[in-house]
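Next come the chains, spelled out residue by residue.
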Amino acid sequence: MKLAEALLLRSDQQKKLASLKRRINTNVLVQDGDEPSEDPNELIKQVFALTQESNQLICRIHLTNAQAKLEDGKILLSLLSLRDSYAEQHKILVDAIANTHREPDRYSSREIKWKKVIPLSLFLACKNKPMISARNYAI
């Protein structure tokens, strides 16, 4: 199996896992007297089997990436890891920025007032910085 095929298969598996998770969450709670449209226990078994299969595939992909080198001699896996860490940092900053705004839910001055405890300017200064570094390598 070629790397491109393995990556496509992994993508399909991730989509199927997401679908199974949604179906499990939809069917774990029903009203008294009703039956779930699908058996969540069977769906959980499918998820566990698929995650084992996916784990084996991901291990093979990582082994291939660990052996692949770019023109500048850098190992592909290390750059992919760096990209993932930058993406995670970016996601954390974006989520933090999104959570600095909350609709006021107070009706008088005695009720709870929300206050930002982190400066928004800090996030705006470094919001795009991690992703700019990750874009230096078109992987």
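Described in the following lines is the structure provided in the data block. Throughout this description, residue numbers start from 1 for each chain and increase along the sequence as written. pLDDT decides what is reported in this predicted model: residues at 70 or higher carry local features, side-chain atom pairs at 80 or more are listed and counted, and totals for whole chains, interfaces and linings draw on all residues regardless. Hydrogens and waters are ignored; side-chain quantities use all the structure's heavy atoms.

A short note on the overall build of the protein
Helices and strands together make up the secondary structure of the protein, namely five helices and zero strands. In sequence order, the secondary structure elements of the protein are arranged as α-α-α-α-α. The criterion used for residue contact is that any of the two residues' heavy atoms lie within 4.5 Å. When contacts within the protein are restricted to residue pairs at least 6 apart in sequence, long-range pairs at least 24 apart make up 55% of them. A 1.4 Å probe and the Shrake-Rupley method give the accessible areas. Residues count as covered only by the protein chains that appear here. Of the accessible surface of the protein, which amounts to about 11,200 Å², a share of 54% is contributed by carbon and sulfur atoms. A run of H or I in DSSP becomes a helix once it reaches four residues, and a run of E becomes a strand once it reaches two; helices and strands are each numbered from the N terminus.

Looking at the pattern of salt bridges
A side chain of one charge can pair with a side chain of the opposite charge if their charged atoms are brought near each other. Salt bridge, as used here: a side-chain nitrogen of Lys or Arg that lies within 4 Å of a carboxyl oxygen of Asp or Glu. According to the stated counting rule, one finds three salt bridges in the structure shown. Residue Glu38 pairs with Arg23 through a salt bridge whose shortest N-O separation is 2.5 Å. One end of the pair, Glu38, is in the loop between helix H1 (3-27) and helix H2 (40-67); the other, Arg23, is in helix H1, with 15 residues separating them in the sequence. Notably, a salt bridge pairs Arg83 with Asp84, separated by 3.1 Å at the nearest N-O pair.

Points about the nonpolar core
Throughout, nonpolar core names a set of buried Ala, Val, Leu, Ile, Met, Phe, Trp, Tyr and Cys residues whose side chains join them through atoms within 4.5 Å. Note on exposure labels: buried denotes an accessible area under 20% of the residue type's maximum, exposed denotes more than 50%, and partly exposed covers the range between, all computed with a 1.4 Å probe on protein chains only. Of all hydrophobic cores here, the largest spans six residues; its members are Leu17, Leu20, Ile24, Leu43, Val47 and Leu50. In this structure, Leu17 is in contact with Val47, Leu50 and Thr51, ignoring residues within four places of it in sequence.

So, H1
An ideal rise of 1.5 Å per residue puts 36 Å on 25 residues; H1 measures up with 36 Å between its terminal C-alpha atoms. Those residues of H1 that sit buried are Ala6, Gln13, Leu17, Leu20, Ile24 and Asn27. In this structure, the buried residues of H1 make contact with H2. One fewer than the residue count of a helix, multiplied by 1.5 Å, yields its expected span.

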